[in-house]
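Given next are the chains, with one letter for each unit.
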Amino acid sequence: MAAARPPTPGGPVTSAMMHLHARTSSVAGQRRKDSRTPGSGGKSRARLRSSLGMASPDSTLPALSPEAGGRPKSGASPRHVPVVRLKVVTDTDLGLAQGVQFKTMDLNSIIRLLMEDPQDDLEEKQLQCIKMMVQCYQNGFPLRDLAQIFKIMSLCTEKIEKQPSFLDPVCEILKLCRLPFLKKKTSDEITYAKEISEAVSLLGNLIKVPNSELRIQLCKCIVDFYHAEPLKKQIAGYQQVTSAYKFQMIESGGLAEILVLSWDLLQTELLEKLWLLKTLQHLSTSEVNCNLMIKAQAANKICSCLNNPDPSGQLLFRSSEILWNLLEKSSKEEIIKQLSNLECLLALKEVFKNLFTKGYRHYDRQLRNDILVITTIIAQNPGAPMIESGFTRDLILFATFNEVKSQDPLVKGLKLSNHYEDFELKKLLFNVIVVLCRDLPTVQILIEGKTVEALFTYVKKTERHKVIEWSAAQHEELQLHAIATLASVAPLLIDDYLACNGNARILMFLEWCVNEETFFSQGNSFHGTGGRGNKFAQMRYTVRLLRAMVSLGNDTVNEDLCGHGAIKQLIGILKIAVNKLKEEAIVLEIKSDILLILSGICENHSQRKETFGTEGVDIILHLMKVDPKKFQSGLGHNRLLFSTLDCLWCCILGCYTLEDYFLEKEGIFLLLDLLALNQKNFCNLILGIMVEFCDNPKTSVHVNTWRGKKDQTAANLLIKLWREEEKDLGVKRDEDGKIIDAKKPLMTSFQEEQKVIPMPASCPTTSIMEVSENIRAKIYAVLGKLDFENLPGLSAEDFVTLCVIHRYLDFKTGEIWNEINAELRVERFRPISADKATLETITVASENIGKMVAALQSEMVESQRNQDMHSEQKAYIKIHATHKQKDMANKSWAKFLTRTSNAKALKKAKKLQEKAIESSRTKEYPQNAIIHSTDLKGLNITENSDGKLFAAKIEQKPNGRSALKKALKDPAPQQNVSVKHVNQEDLTQNFLTDTSEAQTKKLKKKTTKDNQITTKNAKST
């Protein structure tokens, strides 16, 4: 057995610790053996020691043998082991983690070797070193070495032209780049980000090397960045870098732009071009890469090569995918600009024509539709040479050949099926017609292609049991799409529209939409929204088409419509919509469009207004009775009210019979009710209608009769709207509403900020434009029609504002002259003496009017203040009188209490009363007059709370005792004193004649009780 090891000063060393040192020694020896770089073994061992917390190599350690189980060799002399600090050791620290052990190389030495001058055996050494490097990094490149590896690859690439043997090493390195990159620390991604970004940029430059194999390998490498698979073997101490990090480095390195710029180098080789397109297709999934590609004119370069020969079909497919990605993820305007040239459009035209006429596969149809969408986007640019390339003619031909027979050999024998792709193609062709018709030179081609006639084939009742090429749902969607297309095309082709008898066909189709014939609408498409199970969608787009034609103001079209009875038919539809249909968004839209159509037809035609009739007026009145809460519903009540007011203006005003009927039905009251809502969007229009209505002499009575909330009058409402409008415009007024600046009494804040700009005489100035942009002029006109006099319900503040309104025209005239004067000064024109004097006179006169109005306003304000003060004094006097009456009542009550509690006071009051009675009696009596005594002996009378007289009489009983009898009597007439004492002396004498002491006490108690009752009754009185 081996000799036992003596204990160390720090304590015994366990067998586990000994085994740990043995494993460390074996690992260090293995790493020293595998190391190929000079000096690397020592460094590795030093790192391992430092990680384990071991002593330096100078310290003596016992020789450990794995065979001995961690015991010292038999021949070794026992030595003391220095104390070491224990540390938790992981498998990663030991290099024994599960997975492949990673090997490092000195890459700087390889770079120096590649940069040396050529020698006889140098190429072989260089290739050998690169081969060893490839073998070393066969499981992936660490991030810390990636910049040096790409540098080595770049140096090898430079030698390929003269030394082709370097091609294979470069391809091998590119194959290794397809593997996931490795990181030792999480912070490596941030630490080496800049270096890797520059390295990726160098990687893109390899595409410029004129070698097909290298280019293809480079494209495969980049494509695998997006499809990297995890490593099959785990690398000890390293983790894989995420794919997102690779994408980030590609974006920051500008790899996509470099590849697009090298596009022209690959024009001759189809295989290389296909691999480059595949690479760009993957790169175009990023928004950053798309912007870089657009910067390098990728759209133009790729589109111009669409028609290049390619038996595989990949070129067209991948090119279209790249264009789609560019349109989705980058600036659409820039792409349209790049594609709007003759070369690109010719390529698109040939590709689309071939796919349309020769494509038969599902893939061909999808690709054909994609090309048509891209073409539609390009056609939105008016500068695109669509007509010059012949593409417009072909598109219109393809859109109409199925409905209108054509002898063009291009569509001879062609027929669309009811497959979904062909159905989508038909809708896309309708859509591209709408886009193309925005360019006026296209109109002639639309006429030659009989576009209107083809579209009108869908404007008819859907016939059942008839074999059609589309399904019911498809035919309904195409029908709605065709009518919507007609709304854009027909106004440009009026002659074709009339030649097709368009008005009659539209009205017949509208009649079918209104009737109660069963129709099961699908309502699945965009145009069918809101029309499921009914004909609302068809009605909506038909009415839109009719509105588009009427809005042209063409007399021929409108006369033709009236000749077919359009007014009565539309009123009938409107009546049905108002009375029977629910208030849905689509129904409200139909109502609005019909009202606008009626407005366009009846405007400036009195005969058509009479045709509109009282039935139309009743509908207008019904629509005006709208609940204000519905304005916020979002269904379209605002638009409906606008259309109603417009129809009122165009269809009723100017026809006296309809105006009178409208007034009889209290229509002015409804207008003022809407105006009182103070909806800014409606005020201008309502006031304009009011101005027109005030020409009718019967209107003023209705306006003055109207009363709003809190008994508000129309004049008060108009003046209130004026003040609010001036507040919004920023007109300067003081707290009382008076004019501050007499020179600029109407000047708004915008006019003050706007500098004087010299303009031609034909152009309206700011002061003129301001008249139509706010409601002040209309309020002035309405109040002017009411004569500014005898306006009911106005306050002092209203009269102050009314002074300004009354002088509005004078103020506006002075403002315009001031503007003319300012323009002359800016243009440095000096008028002649006579003109200058005239200008000064006008300016002074305008200012004097302002001062006069301001003085009148001040007088009104002062008068109102005096009146308010007088009213306040009257109110104070009234309050004072009320308090005085209360004081007199209190004094009367105090006197009463004094008389009740004090006999002397009572006697004094009695004497005064008797004296007053005596003085009121007649001194001289006429002859033969009968005089009756008014005194009743032995009575003490007071007035009760209910107006009766309470009488107490003391009578003598036979037994000598006195008794007090009570009686209630009605009060004597003309007696206003609340308490009266009668015959007090007789009552006192009766008390004195009573000889019984007991009776006296009893009588006193009784008297006290009676006094209490009397006091209580007096209080209640």
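Residues numbered from 1 in each chain as written. Predicted model: local features only at pLDDT ≥ 70, side-chain atom pairs only at ≥ 80, totals over all residues. Heavy atoms only, no water.

Undergrad: Could you clarify how one ought to interpret the overall build of the protein chain in this entry?
TA: The number of helices and strands found in the protein chain is 46 helices and five strands. Sorting the 1021 residues of the protein chain into buried and exposed places 43% on the buried side. Looking at the protein chain alone, contacts between residues at least 24 apart form 75% of all its contacts between residues at least 6 apart. Here the protein chain displays about 56,500 Å² of accessible surface, and carbon together with sulfur accounts for 52% of that area. (Helix = DSSP H or I, 4+ residues; strand = E, 2+ residues; numbered from the N terminus. Buried < 20%, exposed > 50% of the residue type's maximum accessible area, 1.4 Å probe, protein only. Contact = heavy atoms within 4.5 Å. Areas by Shrake-Rupley, 256 points an atom, 1.4 Å probe, with all protein chains shown as cover.)

Undergrad: Can you walk me through unusual backbone geometry in this structure?
TA: A negative phi angle is the norm for most residues apart from glycine, just as the trans form is the norm for most peptide bonds. Not every positive phi belongs to a glycine, and Asn604 is a case in point at roughly 65 degrees. Among the secondary structure elements, Asn604 is positioned in the loop between helix 30 (585-602) and helix 31 (606-624). Positioned with a positive phi, Phe788 is a non-glycine residue whose angle comes to about 60 degrees. In this fold, Phe788 is placed in the loop between helix 40 (776-785) and helix 41 (796-806).

Undergrad: Got a minute to help me understand the pattern of salt bridges in this structure?
TA: Note on pairing: side chains with opposite charge can pair once their charged atoms come close. Tallied over the full model, the rule gives 37 salt bridges. Between Asp145 and Arg144 there is a salt bridge, with the nearest N and O atoms lying 3.9 Å from each other. In this structure Asp145 comes out as buried when scored by relative accessible area, which is 8%. In this structure, Lys851 and Glu847 form a salt bridge, with 3.6 Å as the shortest nitrogen-oxygen distance. (Salt bridge = Lys/Arg side-chain N within 4 Å of Asp/Glu carboxyl O.)

Undergrad: Which parts of the structure should I look at to understand the confidence of the model for the protein chain?
TA: Note that predicted coordinates carrying low pLDDT should not be read in detail. On average, residues of the protein chain carry a pLDDT of 80, and 79% of them reach 70 or more. Confidence drops under pLDDT 50 across residues 1-81; counting only partners more than four residues distant or on other chains, this segment forms 63 contacts. In this model residues 943-996 is a low-confidence stretch, pLDDT under 50, and it forms 104 contacts with partners more than four residues away in sequence or in other chains. (pLDDT = per-residue confidence, 0-100.)

Undergrad: Can you walk me through the nonpolar core in this structure?
TA: Soluble globular proteins: nonpolar side chains tend toward being buried together. Counting residues in each nonpolar core, the largest one holds 236 residues, and the members touching the most others are Leu598, Phe612, Leu645, Leu648, Leu671, Phe693 and Leu783. Element by element, the count of residues in this core is highest for helix 30, at 10 residues. Leu598 has contacts with Ile567, Leu570, Ile571, Leu574, Phe612, Cys647 and Cys651, leaving out every residue within four places of it along the chain. (Core = buried A, V, L, I, M, F, W, Y, C linked by side-chain atoms within 4.5 Å.)

Undergrad: Teacher, can you tell me more about the side chain of His282 here?
TA: One can find His282 in helix 13 (residues 270-283). Judged by its relative accessible area of 16%, His282 falls in the buried class. A polar contact of 2.8 Å, which involves the side chain of His282, links it to the backbone oxygen of Lys278. Every residue in contact with His282, bar those within four places of it in the chain, is listed here: Val223, Tyr226 and His227. (Polar contact = N/O pair within 3.5 Å; in protein donor to acceptor, adjacent residues only side chain to side chain.)

Undergrad: Help me out: how do you make sense of the packing of helix 18 (residues 342-358) against helix 20 (residues 391-400) in this one?
TA: Contact geometry for helix 18 and helix 20: axes closest at 10 Å, N-to-C directions at 25 degrees. When the axis of helix 18 is compared with that of helix 20, the two are roughly parallel. As for how helix 18 packs across helix 20, the hand of that crossing is left-handed. Of helix 20, the residues touching helix 18 (which contributes Leu345, Leu348, Lys349, Phe352, Lys353 and Phe356) are Phe391, Asp394, Leu395 and Phe398. (Axes fitted to C-alpha atoms, helices over the stretch in contact; angles between N-to-C directions. Parallel < 35°, antiparallel > 145°, perpendicular 65-115°, else oblique. Left-handed = near helix turned anticlockwise from the far one by under 90°.)

Undergrad: Looking at this model, I keep getting lost on the packing of aromatic side chains. Mind explaining?
TA: Two descriptors summarise a pair of aromatic rings, namely the distance from one centre to the other and the angle between the planes of the rings. In total, this model carries 19 aromatic pairs according to the counting rule given. Judged by centre distance (6.1 Å) and plane angle (70 degrees), the ring pair of Phe181 and Phe225 falls under edge-to-face. Here Phe225 lies in helix 10 (residues 212-225) and Phe181 lies in the loop between helix 7 (167-177) and strand 1 (182-183), a separation of 44 residues in the sequence. There is no split in this pair, since Phe181 and Phe225 are both buried. Aromatic ring contacts, followed pair by pair, group Phe352, Phe356, Phe391, Phe398 and Phe401 into a single cluster. Lying over the aromatic face of Trp722, Arg776 brings its terminal NZ or CZ to 5.9 Å of the ring centre. (Phe/Tyr/Trp six-rings, centres within 6.5 Å; stacked < 30°, edge-to-face > 60°. Lys NZ or Arg CZ within 6 Å of the ring centre and 35° of its normal.)

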